[in-house]
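Observations on the three-dimensional arrangement
One-letter residues, chain by chain:
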Amino acid sequence: MLGNISLSDLKSISQEDIEQLLRITDQIQDFQELMMKYECAMYEIKTKLDVLNKELSLRNNRNPFESIKTRIKAPISLFEKMQRKGLPFTVDNIKDNISDVAGIRVICSFIDDIYMLADCLKEQDDVRLVEIKDYIENPKPSGYRSLHLILEIPIFLTHDKEYMTVEVQFRTIAMDFWASLEHKMKYKKDIQDAEMITEDLCFSADMINQIDRRMQQIRERIDAGRIQEDA
Ligand code: GTP
Ligand code: MG
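Procedures and definitions
Residues numbered from 1 in each chain as written. Chains lettered and ligands numbered in written order. Predicted model: local features only at pLDDT ≥ 70, side-chain atom pairs only at ≥ 80, totals over all residues. Heavy atoms only, no water. Patch = residues over 30% accessible without salt bridge, like charges linked within 9 Å, V, L, I, M, F, W, Y side chains within 5 Å. Areas by Shrake-Rupley, 256 points an atom, 1.4 Å probe, with all protein chains shown as cover. Salt bridge = Lys/Arg side-chain N within 4 Å of Asp/Glu carboxyl O. Helix = DSSP H or I, 4+ residues; strand = E, 2+ residues; numbered from the N terminus. Axes fitted to C-alpha atoms, helices over the stretch in contact; angles between N-to-C directions. Parallel < 35°, antiparallel > 145°, perpendicular 65-115°, else oblique. Left-handed = near helix turned anticlockwise from the far one by under 90°. Contact = heavy atoms within 4.5 Å. Nonpolar A, V, L, I, M, F, W, Y, C, P; charged D, E, K, R; others polar. Near = heavy atom within 4 Å. Polar contact = N/O pair within 3.5 Å; in protein donor to acceptor, adjacent residues only side chain to side chain. 1 Å grid on protein atoms, 1.4 Å probe; cavity = no way out; pocket = protein on both sides within 12 Å on 5 of 7 lines; lining within 4 Å. Sits in = over half its atoms within 2 Å of the grid points. Phe/Tyr/Trp six-rings, centres within 6.5 Å; stacked < 30°, edge-to-face > 60°. Buried < 20%, exposed > 50% of the residue type's maximum accessible area, 1.4 Å probe, protein only. Lys NZ or Arg CZ within 6 Å of the ring centre and 35° of its normal. Core = buried A, V, L, I, M, F, W, Y, C linked by side-chain atoms within 4.5 Å. Expected span 1.5 Å × (residues − 1). Points joined across faces, edges and corners; volume = space filled by probe spheres on them.

Taken together, I211, M215, I218 and I222 make up a surface patch of nonpolar side chains, about 360 Å² in accessible area. In this fold, I222 is placed in helix 7 (residues 194–230).

Structure below.
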């Protein structure tokens with residue numbers, strides 16, 4: 001016996017089967033390599049954000065972001081997304097059609113920190129900006145607010161340099177609070193008054209936005225007071 005394969009099983013494996021097995025093994029290896037590249041790109045961007053956080057918090061005495069999370073899309077989610085797009089699950093199709101294989105979520109205290117960090121990041125000379133989706137200026141019909149940047153960053157391997165895509169989502173703590181709860185409740189919308197619940201969620205998002213803006217104004221007043229004191 002070889003694991004679960006017996007000698008008689010092996011004898012019945014045709015040349016065609018072996019070739020297919022080798023093809024699948026190659027595909028698995030290519031897939032793992034692709035995921036490794038996304039992971040490296042994700043950490044390149046995360047390091048850039050950590051550097052900005054350190055520099056700015058030393059200079060301004062407060063952190064421009066509260067927390068940062070990274071994730072690589074799970075193979076099953078990738079597979080489902082490719083199916084939704086009606087595309088065969090191949091390494092080339094993933095690279096050409098999915099922009100959020102590598103994802104970073106940055107949670108800021110204030111709305112202006114989001115734009116300041118996003119500007120600093122997209123202006124770095126090894127970062128290419130592919131797309132900006134400003135769901136703060138233009139919230140989704142659900143009420144969802146965040147700033148999404150699709151970026152490309154080079155990773156340097158033993159023999160070559162390759163640009164990889166990373167999606168960065170910037171949100172305030174308040175926006176994240178809403179998005180997390182809304183995401184949890186999304187799956188429970190197949191109930192009677194789903195339309196009213198959707199409306200209520202959107203209304204809640206607007207209230208949260210007002211509070212976000214109010215908190216920023218308070219901080220600006222405090223900052224202005226500090227500047228006068230220092231003068
Ligand atoms: P996806 O196929 O979901 O990636 O959509 P897309 O390519 O059009 O990207 P989009 O910029 O709309 O952002 C998708 C991501 O933003 C999701 O994976 C969520 O993390 C987040 N998102 C977008 N809309 C909502 C929403 O209504 N509620 C919540 N909770 N999150 C959302
Ligand atoms: Mg997405």
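The next thing to look at is the packing of helix 2 (residues 15–60) against helix 5 (residues 111–122). The geometry of helix 2 relative to helix 5 is characterised by a closest axis approach of 11 Å and an angle of 125° between their N-to-C directions. By the angle between their axes, helix 2 is oblique relative to helix 5. With respect to the hand of their crossing, helix 2 and helix 5 are arranged in right-handed fashion. Judged by residue contacts, I45, K48, L49, L52 and L56 of helix 2 engage M116, L117, C120 and L121 from helix 5. Among the residues making up the contact of helix 2 with helix 5, the classes are represented as 8 nonpolar, no polar and 1 charged.

Let us look at the site of ligand 1. Lining the immediate environment of ligand 1, one finds 14 residues, of which K81, K133, K140, S142 and E182 sit closest. Taking Y135, its side chain carries an N or O atom lying 3.0 Å from an oxygen atom of ligand 1. In this structure, a nitrogen atom belonging to ligand 1 sits 2.8 Å away from a side-chain N or O atom of E182. The fraction of the free accessible surface of ligand 1 (620 Å²) that becomes covered by protein chains is 70%. Taking a 2 Å distance to the grid points as the criterion, the majority of the atoms of ligand 1 fall inside the largest pocket.

Moving on, we come to the packing of aromatic side chains. Here the structure, examined in full by the defined rule, presents 3 aromatic pairs. With a centroid separation of 5.7 Å and 45° between ring planes, the pair formed by F31 and F89 is classed as tilted. Pair noted here: F31 is in helix 2 and F89 is in the loop between helix 3 (75–84) and helix 4 (91–97), with a separation of 58 residues, a long-range link. The exposure class of F31 is buried, given its relative accessible area of 17%. Centroid distance F79 to F89: 5.4 Å. Interplanar angle 65°. Geometry classified as edge-to-face. Here F89 lies in the loop between helix 3 and helix 4 and F79 lies in helix 3, a separation of 10 residues in the sequence. Judged by relative accessible area, F89 falls into the partly exposed class, the value being 33%. Taken together through their ring pairs, the aromatic side chains of F31, F79 and F89 make up a single cluster. Here the guanidinium or amino end of R128 rests over the ring plane of Y163, the centre of that ring lying 3.5 Å away. A cation over a ring is seen here: R219 above F110, with NZ or CZ 4.8 Å from the ring centre.

Counting through the fold element by element, V101 comes out in the loop between helix 4 and strand 2 (102–108). Sequence spacing of V101 and Q27 is 74 residues, and the spatial spacing of their C-alpha atoms is 17 Å. Ignoring sequence-local partners within four residues, the contact set of V101 consists of M35, Y38, R71, I72, K73, L78 and I94.

Membership of the largest hydrophobic core comes to 38 residues, with the highest contact counts inside it found for I45, L49, I104, V106, V168 and F170. Sorting elements by how many residues they give to this core places helix 2 first, with 10 residues. Discounting residues that sit within four places of it in the chain, F170 has contacts with L49, V106, I114, L117, A118, L121, S146, L147 and L149. Within the second largest apolar cluster, 8 residues are counted, among which are Y144, A174, A179 and L201.

An ideal rise of 1.5 Å per residue puts 54 Å on 37 residues; helix 7 measures up with 54 Å between its terminal C-alpha atoms. Listed in full, the buried residues belonging to helix 7 are L201, A205, I208, N209, D212, Q216 and R219.

Taken as a whole, the largest pocket encloses approximately 870 Å³ of empty space. Among the secondary structure elements, those contributing two or more residues to the lining of the largest pocket are strand 1 (65–72), helix 3, strand 2, strand 5 (161–172) and helix 6 (173–186). The element best represented in the lining of the largest pocket is helix 6, accounting for 6 residues. Tallied by class, residues from the lining of the largest pocket come to 4 nonpolar, 8 polar and 14 charged. Each pocket or cavity is described by its volume, and for the second largest pocket that value is around 180 Å³. Every residue along the wall of the second largest pocket is listed here: I24, Q27, I28, D30, F31, F89, T90, V91 and I94. Secondary structure elements with two or more residues in the lining of the second largest pocket: helix 2 and helix 4. When residues in the lining of the second largest pocket are grouped by element, the largest group, 5 residues, is from helix 2.

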